[in-house]
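Examination of the molecular architecture
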Amino acid sequence: MITAFNLNEKFQKINEYWTPKIVGELNGQLVKLAKLKGDFVWHSHEAEDELFQIVKGTLLMEFRDQTTESHPGDILIVPRGVEHRPRTLDGQEVWVMLFEPKATKHTGAIDHELTVHDQEWI
C-alpha cells in the first residue's frame, strides 16, 4: 500500500541528535531524517555523494578550505571524497533530510563515539 507521511510528525519521533532515522527508500537511496545540535566529527564518504536538505535551523558545513551556511529550504550536496564536518550555531537545533546510497556509512571510514552503525526506520 502506498501512503504519504508527514515530515513534522516523523521529526517529532526523533529524540537523539546526530542519529539519522530512515523514513523511505528509492532507487537504492535511503531517505533519512536527523536532528543536529553542536559539532559532528570530520569525515568523508569515499564512494558516495551526500545530499542535505535543511528543514529547520541553520546548518554550517565545514570543509578544509571554507564553511558554508545553509537555511530552511536549501539543499547542500557534499561530493564523494570531500572531508566535511557538519555543525550548528550555538545551542540551535537543526532538522535535515538526507538522501544517501544504502551503503553510506554514517561517519565514513571513521569509527567515532557518534557513529551509528544500525540506523532504524521510523
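1. Re the side chain of Thr58
- Tracing the backbone shows Thr58 in the loop between strand 3 (50-56) and strand 4 (59-63).
- Assessed through its relative accessible area of 10%, Thr58 is described here as buried.
- Only 3.3 Å separates the side chain of Thr58 from the side chain of His71, close enough to count as a polar contact.

2. A few points about the nonpolar core
- With 15 residues, the main nonpolar core has Leu36, Phe52, Leu59, Met61, Val78 and Val96 as its most contacted residues.
- Every element with two or more residues in this core is listed here: strand 2 (29-36), strand 3, strand 4, strand 6 (75-78) and strand 8 (94-101).
- Not counting the four nearest positions on each side in its chain, Met61 is found in contact with Phe52, Gln66, Thr67, Thr68, Leu76, Val78, His84, Arg85 and Pro86.
- In this structure, Val23, Leu33, Trp95 and Met97 belong to the second largest nonpolar core, which totals seven residues.

3. Some remarks on the packing of aromatic side chains
- Per the counting criterion, the structure on display carries two aromatic pairs.
- Taking 4.5 Å as the distance between ring centres and 15 degrees as the angle between the ring planes, the aromatic pair formed by Phe11 and Trp95 counts as stacked. Within this pair, whereas Phe11 is found in helix 1 (residues 7-12), its partner Trp95 is found in strand 8, the two being separated by 84 residues in sequence. Taken individually, Phe11 and Trp95 each receive the classification buried, so the pair is uniform in this respect.
- Their ring planes at 20 degrees and their centres at 4.7 Å tell us that Trp18 and Phe40 sit as a pair that is stacked. One end of the pair, Trp18, is in the loop between helix 1 and strand 1 (21-26); the other, Phe40, is in the loop between strand 2 and strand 3, and 22 residues separate them in sequence.
- According to the relative accessible area criterion, Trp18 is buried, its value standing at 7%.
- Overall, the relative accessible area of 8% leaves Phe40 in the buried class.
- One Lys or Arg, Lys10, reaches over the ring of Phe5 and ends 5.5 Å from the middle of that ring.
- In this structure, Arg64 packs its charged tip against the face of Trp42, placed 3.8 Å from the ring centre.

Parameters and conventions
Residues numbered from 1 in each chain as written. Predicted model: local features only at pLDDT ≥ 70, side-chain atom pairs only at ≥ 80, totals over all residues. Heavy atoms only, no water. Helix = DSSP H or I, 4+ residues; strand = E, 2+ residues; numbered from the N terminus. Buried < 20%, exposed > 50% of the residue type's maximum accessible area, 1.4 Å probe, protein only. Polar contact = N/O pair within 3.5 Å; in protein donor to acceptor, adjacent residues only side chain to side chain. Core = buried A, V, L, I, M, F, W, Y, C linked by side-chain atoms within 4.5 Å. Contact = heavy atoms within 4.5 Å. Phe/Tyr/Trp six-rings, centres within 6.5 Å; stacked < 30°, edge-to-face > 60°. Lys NZ or Arg CZ within 6 Å of the ring centre and 35° of its normal.

Note that all results are geometric; they support no functional claim without further evidence.
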